[in-house]
Structure formats: C-alpha cells, structure tokens
Amino acid sequence: MADLYARRDPLLDDNMQAALEKRGKELLGLFLICISLVLSVAMGSYVPDDPSWLSAGDAAPQNMLGLFGASISAPLFIILGHGAWGVTLACFVWGLRMVFHQGANRFVSRILFFPFLVALISIYSSGLVPGTGWTHSFGLGGLFGDTVMGAIVSIVPMSPIFAVK
C-alpha cells in the first residue's frame, strides 16, 4: 500500500517544462497573428454583394478568400461595422506579445477589455459619415454601433444651439 503513494520523479524536469511552456506561448502567438492576417485579408476585400450565410446570390464571391472570406467578413461588418477591425488589431497585438514574451502572463486578465475596445470602435464609427462606396442601410459602426449611438443620442439632452443646419 505504501508503494502507491511513493514520491515519483516528474516526467519532465523543470527546464524542459519551462521550455515547453515558452514554445507553447510562441505557437499561440503565431496562431493569433495568422488569425489576424486572415481576418485582415477577408475584411479588406469585403464586398457587400458577396454571397455568404447572411445573403444569397448566384455570383461568385469577389472576396480574396472566396466564400470563406465572405462568410467571415459579412457578419463582422453587419454586426460590428468598422469595429471588426478591433478584432484583428487585438489578435495581432496579443500575438506579437506572445511571440516576444512581453506580458504574455497577463493575457487572460487583459482580454476582458477586448469587447470594450470593439464596442467603442463600433460606436465611434457609427458617428462618422459613410462615404459614397457604403451601400448598407446602417452606418459605419454596424448594427451594434447604430443601436448604441441611437440610444445615447436619445438619452443625452440636445440643445438647439448645437444643431447642425
């Protein structure tokens, strides 16, 4: 019975465990950088008329990543608008931090602020005037940004002094 509870040597020594943990964080960082690059290409080549799971069409997708890119970028732009670029920014920055071991141990506690970044970018973008190429019925902040901006505008009292003519 005493043999069952005997102290055993660990499978890997401390140096090997530290090296594996370091390489694991680097791989996670490279994965996040790859995700950000794929999202950047998909959103950079976004065309509102592309078929995706939110819209049907017979034409071939014009997105550089094809149907996959159109299916990723369409919901991001419809829901978050330009706030979707915050997703790529956060993935890229945290990927670099993981690869270069700069604050990688604070990833979990700091990722809590990521939704606020995306929400603030969407709300800010909703206040901007869309250019001539914007064909959607909602603003640059997507449906989320327009909804929150509409709630803010209806709550905040406005004076006729600040009205734009």
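Before reading on, note that the structure itself is shown above.
Since the structure is predicted, the reported quantities are computational estimates derived from the model, not experimental observations.

**Remarks on the nonpolar core**
- Met43, Leu76, Phe77, Leu80, Ala84 and Trp134 are the most contacted members of the largest nonpolar core, which totals 13 residues.
- Among the elements of the structure, helix H1 (14-44), helix H2 (66-80) and helix H3 (84-99) are those that each provide at least two residues to this core.
- For this core, the leading source of residues is H2, giving four residues.
- Beyond its immediate stretch of four places on either side in the chain, methionine 43 contacts Ser73, Leu76, Phe77, Ala84, Trp85 and Thr88.

**Details of unusual backbone geometry**
- With a phi angle near 55°, histidine 101 is a residue other than glycine that sits in the positive phi range.
- Taking relative accessible area as the criterion, histidine 101 reaches 31% and is therefore assigned partly exposed.

**Some remarks on the environment of proline 61**
- Of note, proline 61 is situated in the loop between H1 and H2.
- Residues proline 61 and phenylalanine 113, spaced 52 residues apart in sequence, show a C-alpha to C-alpha distance of 34 Å.
- Not counting residues within four places of it along the chain, the set of residues in contact with proline 61 comprises Asp50, Pro51, Gly66, Leu67 and Ala70.

**Here we look at the packing of aromatic side chains**
- Tallied over the entire structure, the rule returns two aromatic pairs.
- Residues tryptophan 134 and phenylalanine 138 carry aromatic rings whose centres are separated by 6.1 Å and whose planes lie at 80° to one another, so their mutual orientation is edge-to-face. When sorted by exposure, tryptophan 134 lands in the same class as phenylalanine 138, which is buried.
- If you follow arginine 97 out to its NZ or CZ, it ends over the ring of tryptophan 94, 4.6 Å from the centre.

Quick notes on the rules
Residues numbered from 1 in each chain as written. Predicted model: local features only at pLDDT ≥ 70, side-chain atom pairs only at ≥ 80, totals over all residues. Heavy atoms only, no water. Core = buried A, V, L, I, M, F, W, Y, C linked by side-chain atoms within 4.5 Å. Buried < 20%, exposed > 50% of the residue type's maximum accessible area, 1.4 Å probe, protein only. Helix = DSSP H or I, 4+ residues; strand = E, 2+ residues; numbered from the N terminus. Contact = heavy atoms within 4.5 Å. Phe/Tyr/Trp six-rings, centres within 6.5 Å; stacked < 30°, edge-to-face > 60°. Lys NZ or Arg CZ within 6 Å of the ring centre and 35° of its normal.

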